[in-house]
Amino acid sequence: MVELLSATMAPLMFCSLVLFMLVGYPVAFALGACGLFYALVGIELGLMPASLMQALPLRIFGIMQNDTLLAIPFFTFMGLILERSGMAEDLLDTIGQLFGPIRGGLAYAVIFVGAMLAATTGVVAASVISMGLISLPIMLRYGYDRRLASGVIAASGTLAQIVPPSLVLIVLADQLGQSVGDLYAGALLPAMILTGFYVVYVLAISLLRPQWVPAMPLAARTLGRSADGTAAVGMQARARVAWRVASVLIPPLALIFLVLGTIFLGIATPTEGGAMGAVGALVMAIARGRLDMSLLRQAMESTTRLSCFVMFILIGSTVFSLSFQAVDGPKWVEHLLTSLPGGVIGFLIVVNLMIFFLAFFLDFFELAFIVVPLLAPVAAALGIDLVWFGVLIAVNMQTSFMHPPFGFALFYLRSVAPDREYTDTVTGQRIAPVTIGQIYRGAIPFVLIQLTMVALIIAFPGLVTRDHAAAAAIDADTTLRQVQTDQGAAEDAAASSAAGMSTDAAEEDPLKLLLEAMEADRKALDK
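Residues numbered from 1 in each chain as written. Predicted model: local features only at pLDDT ≥ 70, side-chain atom pairs only at ≥ 80, totals over all residues. Heavy atoms only, no water.

A. Examining the overall build of the chain more closely. Scanning the chain from N- to C-terminus turns up 23 helices and two strands. The proportion of buried residues among the 527 residues of the chain is 50%. In the chain, of all internal contacts separated by at least 6 residues, the share reaching a separation of at least 24 is 77%. Carbon and sulfur atoms make up 67% of the accessible area of the chain, which totals about 23000 Å². (Helix = DSSP H or I, 4+ residues; strand = E, 2+ residues; numbered from the N terminus. Buried < 20%, exposed > 50% of the residue type's maximum accessible area, 1.4 Å probe, protein only. Contact = heavy atoms within 4.5 Å. Areas by Shrake-Rupley, 256 points an atom, 1.4 Å probe, with all protein chains shown as cover.)

Rendered as structure tokens:
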């Protein structure tokens, strides 16, 4: 019986975790409860040494001392201050006026503003809610198709998943043991291509279904008009438009350079860039005269709530992974995934399908803390560049916000979309409500676009690995043999310690030996 439990402990742990989450138990506590329960069972049955649990406090303190994770509250605070200070409203109004004379102009404006908000906020909820409140009533007012309008707003908001300084990339870098700056640099080109795909889709709709994306009427184009509403002409009109565009676009573009430019140039770390971004957001809010104690309190409360949410899940995943490693869980996952047909391509297809379907039920933080630590060692053993792998997973997890029925971006948009008929305050006409079915149908084309981007990254790794070609050249067979050798050495040392040997090596903590072996493997991969 003990032998059977020892052989099946890892799959039992994983299945128990899935069961906990399916019944609605909080993820952080489900992770911690499963980890502690199976650790106690393993110690009682003699499957793992009791000294294993001595490493748990050190691991938790290690999380609290992780400087990289400080970037999460900094970027969250920056995004919330910018969103609540009216930057999104100014951008949408100005860019919408610029593109207003062409069909689909408002949709183009939403896409470009979504990309800019993603590069300054990194928070999906802030982007989707802001654009839903501001742009959706305008698009409905001028006759846009409800499905297209909903899909464009939700998809543009989810660009915050992949456009640096994305919170997802920070978490993935921490879980994969890679540089945040490398993931930011690797995600930049795929994010730009994905934004371009959205634009191409709206262009195709404007050609095939022009009635879905009408141009703004002349009376609604107020950009360039004087204070009394009269239209300016000649140089006066151009100067007025240029001043309005510059005053609205230059501050956020300057903030983007301050944050991302300093990171890419190596002047600042992501944590330092986040701190500068938070200060820059406060300065922009003060310059607009929109910073008060109420706004500051709301931003700080939301930042604290999100940061605590992330930290509790990370602590729970640490408790789970401690026990999971002790029962050879990583080896079970590795054997399960490396035996798939098709080699590396088969592994990537299965992993992406698994993440896509898990995203129906889990959000991106839960996927990053539960699934990614299990996949990273296998990807490294197969010779896959972990920076490229992280960007691929980030693009795939972007679909978790979009696909029905549990896409969070769809719920964010549903919370601000009109749910009953109302009278438009500008035109006086009656506007029909936006239904949840229209939001779901509008999201499907953009989910397909995102999956196309996943396929392109797999087919053309150079989209991400421009600066990581050397890492991709690791010999997979040699690396796999090295990993297996190191793990075997760690297991032998742990067994010697459990048997009570009197040598110095036997007195060491078996977890320490296992972690040292994993560190040696990481150094071998770096070489």
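B. Structural detail: the packing of helix α14 (residues 329–338) against helix α17 (residues 372–381). Interaxial distance between α14 and α17 falls to 9 Å at its minimum, and their mutual angle equals 60 degrees. When the axes of α14 and α17 are compared, the pair comes out oblique. Taken as a pair, α14 and α17 cross one another with a handedness that is right-handed. Counted together, Val 333, Glu 334, Leu 337 and Thr 338 of α14 and Leu 374, Leu 375 and Val 378 of α17 form the full contact between these two elements. By residue class, the composition of the contact of α14 with α17 is five nonpolar, one polar and one charged. (Axes fitted to C-alpha atoms, helices over the stretch in contact; angles between N-to-C directions. Parallel < 35°, antiparallel > 145°, perpendicular 65-115°, else oblique. Left-handed = near helix turned anticlockwise from the far one by under 90°. Nonpolar A, V, L, I, M, F, W, Y, C, P; charged D, E, K, R; others polar.)

C. Geometry of the pattern of salt bridges. Inspection of every chain in the model, using the stated rule, returns three salt bridges. Two residues, Asp 145 and Arg 147, come together in a salt bridge whose shortest N-O distance is 3.3 Å. Judged by its relative accessible area of 31%, Arg 147 is partly exposed. With a shortest N-O distance of 3.7 Å, Arg 430 and Glu 421 are connected by a salt bridge. You can call Glu 421 partly exposed: its relative accessible area is 46%. (Salt bridge = Lys/Arg side-chain N within 4 Å of Asp/Glu carboxyl O.)

D. Broad picture of helix α3 (residues 55–64). For α3, every residue scored as buried is listed here: Ala 55, Leu 56, Arg 59 and Ile 63. The buried residues of α3 occupy one face: seen down the axis, they fall within an arc of 100 degrees. Away from its buried face, by an angle of more than 90 degrees, α3 presents the exposed residues Leu 58 and Met 64. (Arc of directions from axis to C-beta.)

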